[in-house]
Amino acid sequence: MEKIFNNIEEVLSAIVMFVMLMLTFVNVIARYFLSSSISFTEEITTSLFVLLCTLGAAIAVKHNAHLGLSLITDKLSKHWQRRFYLLASVLGVIFSFVLLYKGIFMAIHEYELKQISITLQWPEWIYGSFVPIGAFFLTVRFIQSFFESLSQKEA
């Protein structure tokens, strides 16, 4: 079970990328042969892109590859680097938790209002749920990053 959770973002990202690729490919073929696009593919692909971005950010945090000011942090002592990474992790947890919290209420609000998408007429909360799903993984990875930074030994 732990192995599945360790790679869940990569698996979900691969599935999302595959679906986006197939939808875009079908749309390109339709444009070429039918001289007309299939509009629902753009709706789904755009919404899946939101999920892919948050999953990608979670993967970056997991691999400690997220954007940072390495120009500055590389010049700091190990003691101050650790403190900087702890601060960055705390800020990341706060940001991703706010995104999770707001995303949940956004999806609930879309559900309560019975909003539907323009092209497919699907409930909008389905697409809206991609924000809290991705934010959940991002929050978990930032929390893990915090505890990893906390467990590092002082220099």
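Residues numbered from 1 in each chain as written. Predicted model: local features only at pLDDT ≥ 70, side-chain atom pairs only at ≥ 80, totals over all residues. Heavy atoms only, no water.

(A) Summary view of the pattern of salt bridges. Under the definition given, this model contains four salt bridges. Salt-bridge contacts for E9 lead to K62; the nearest nitrogen and oxygen are separated by 4.0 Å. One end of the pair, E9, is in helix 2 (residues 8-34); the other, K62, is in helix 3 (residues 39-62), with 53 residues separating them in the sequence. In this structure, R31 engages E42 in a salt bridge whose closest nitrogen and oxygen atoms are separated by 2.9 Å. Of the two residues, R31 is situated in helix 2 and E42 in helix 3; the sequence distance between them amounts to eleven residues. Taking relative accessible area as the criterion, R31 reaches 44% and is therefore assigned partly exposed. Here the salt bridges do not stand alone but share partners, grouping E9, E10, K62 and R141 into one network. (Salt bridge = Lys/Arg side-chain N within 4 Å of Asp/Glu carboxyl O. Helix = DSSP H or I, 4+ residues; strand = E, 2+ residues; numbered from the N terminus. Buried < 20%, exposed > 50% of the residue type's maximum accessible area, 1.4 Å probe, protein only.)

Scope: geometric values only; no functional claims are made or implied.
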